[in-house]
Amino acid sequence: MSRLVHFAVSLGLRLASITALALGVFLKDASAAAPVTITIANQGDAATLDGHMRNETTTQMIQLHIYDRLVVFDADVKLRPALATSWTRKDPTTWVFTLRSGVRFHNGEPFDAAVAAWNLKRAKTHPNSQFKAYANLVAEARAVDPTTLELKTAGPAPDLLTNLVQIMMLPPKYVEEKGDAYVARNPVGTGPYRFVEWVKDDRIVLEANPDYWGGKPAIDRVIFRPIPEDATRAAALVTGEVDVVWGVAVQDVPRIEAQPDLRILRSPTQRVIYLSFDMHRKTDSPGVGPGPNPFADVRVRRAIYHALDIGGIIKAVMGGSGAQATQFVTPPIFGYNPNVKPLPHDPARARALLAEAGYPNGFAARLDCPNDRYVNDAALCEAVAGQLTKVGLRITPNAVPKAVFFPQIDRFETSFYLAGWGTLDTGATLSAVVQTNDPAKGTGRINRGRYSNAEVDALIERGRKTLDDKEREALYRSAVELAMSEVAWVPLHQQEMILGAKKRFSFKPRFDEYIFAHEIRVAN
């Protein structure tokens, strides 16, 4: 071989080696930079993507990837800055918030104090808003300058911050130009993810916001999949079709734990699963039919409470998951009343109360429930109805998709229903669930049984205006105790959150039940 040929061959080999090395580095970098997609399976789809229109966990969990709030709770239930970086209370009725500068909505519209004031007004006054009870504390919102927001309250409002956690920020110009119906399907926020598409009852797709003020999330693409059936959701995780499952049924836990690349995460939550009644109508209540409404009689409500073996239901239906609840507020939330005890399981007492109320042979009624919203909700519905037959009641369980269930009970087209509620703010909870239903004031928004007691209302109102923590807590506890003495609802259990996930995704279960993709980290 000539020297020239040898040199050419040697050079070619060295160039090939360098090219291969460079290509290897390129492929390694490309692999490291490969976008990460996570698919999260929920029990159901979002009801709307307008951040002011539906106060329900699945809907809000999806929305809160798109929208921001002024302040937030972190995973440890501590208040943290968000679009507001700091705040002070100038006097008992005046708060001043300093807002982040330079924040823009996903469509480029700027966020500022005037935008925040507009959102508080919309959440308070829109006829379809489900956040009036939270925004109602704000009597006046004023933009002092682009980054300074002044809020005036009608009276002292010690719970203002925890109420503001519920109010999402939407772009005013976009909403006013496009209209409510369009916004409900095509959301724009300032949050960590941008909206891509919504195929109803199939998927909602979001992509990371590279300009997010909190930094671009580690997860590049999020797909929310509604899978109502518990077993199907678990199977989707096992087969790799999804990466995280919200609401694993107890019976599916062993199947998931048996997989080497999967794990189960558990956490107590603030959510209480409960029974409620039509306490408003005296006659002709839907689900009961013509004639007297038995649920308007407190003796009937007490009879139902005594008839239920709630511990047995937790064991049989929930597989021991969760703890028996005594009220709407759960420990360790401010306002929980440790003196309120559940009525004991006592079928004989239940029959006696029914006879005393004029129903010695029981009565027939329909029990309305969702079948895709809470853990084992349809099975709970069946179990409650079955136990009530033992005291002579003829209860027909009616478990339907949440898309049917919630509009039905919002229209008060029910006499007896099973639902759940959870929030970290006792004042807002009592205002929404216990206080007299008054659309003009925004109270009793979730009080679909229309329980009403003027003394309870007064205690709640006083509590929401009392700055002294001990006095405020005493007022809330008194309101809870009085409402429970009238069996305004029958608390069943404090729901435990059971999640299933691939081990490569690391996150901490939250007490508020949310899964946030921007809080998830990915293992190498």
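Fair warning: this is a prediction, and the values are worked out from it, not measured in the lab. (Residues numbered from 1 in each chain as written. Predicted model: local features only at pLDDT ≥ 70, side-chain atom pairs only at ≥ 80, totals over all residues. Heavy atoms only, no water.)

A.B. asks: I'd love a proper account of the sheet that holds strand β6 (residues 138-145), names of residues and values included.
C.D. replies: An order of β4-β5-β7-β6 is seen for the 4 strands of this open sheet, with the pairing classed as antiparallel. At either margin of the open sheet sits one strand with a lone partner, and together these are β4 (84-91) and β6. Strand-to-strand twist across the sheet, computed as the mean angle between neighbouring axes with direction ignored, equals 20 degrees. Two strands pair when backbone bridges link them, and β4 and strand β5 (residues 94-99) are joined in this way by 6 bridges, in the antiparallel orientation. By the bridge assignment, A84 is partnered in β5 with L99. Most of the contacts of helix α3 (residues 113-125) go to β6, to which it runs at about 165 degrees, and overall it touches β5, β6 and β7 (148-153). (Pairing = 2+ DSSP bridges. Helix = DSSP H or I, 4+ residues; strand = E, 2+ residues; numbered from the N terminus. Axes fitted to C-alpha atoms, helices over the stretch in contact; angles between N-to-C directions. Contact = heavy atoms within 4.5 Å.)

A.B. asks: Explain the pattern of salt bridges residue by residue, including any values.
C.D. replies: Within this structure, the stated rule accounts for 29 salt bridges. Notably, a salt bridge pairs K502 with D243, separated by 2.9 Å at the nearest N-O pair. Linking K502 in strand β19 (residues 490-502) with D243 in the loop between α8 (230-238) and β11 (244-246), this pair joins segments that are 259 residues apart in sequence. Taken individually, K502 and D243 each receive the classification buried, so the pair is uniform in this respect. (Salt bridge = Lys/Arg side-chain N within 4 Å of Asp/Glu carboxyl O. Buried < 20%, exposed > 50% of the residue type's maximum accessible area, 1.4 Å probe, protein only.)

A.B. asks: Lay out the state of the cysteines with the relevant residues and their values.
C.D. replies: Inspection of the entire model under this criterion finds 1 disulfide. Note on cysteine connectivity: C369 is disulfide-linked to C381, with sulfurs 2.1 Å apart. One quick way to see it: the torsion about the S-S bond of C369 and C381 is about 75 degrees, and its sign makes the bridge right-handed. Taken as a pair, C369 in strand β16 (residues 364-370) and C381 in helix α13 (residues 377-389) lie far apart in primary sequence, 12 residues in all. (Disulfide = S-S within 2.5 Å.)

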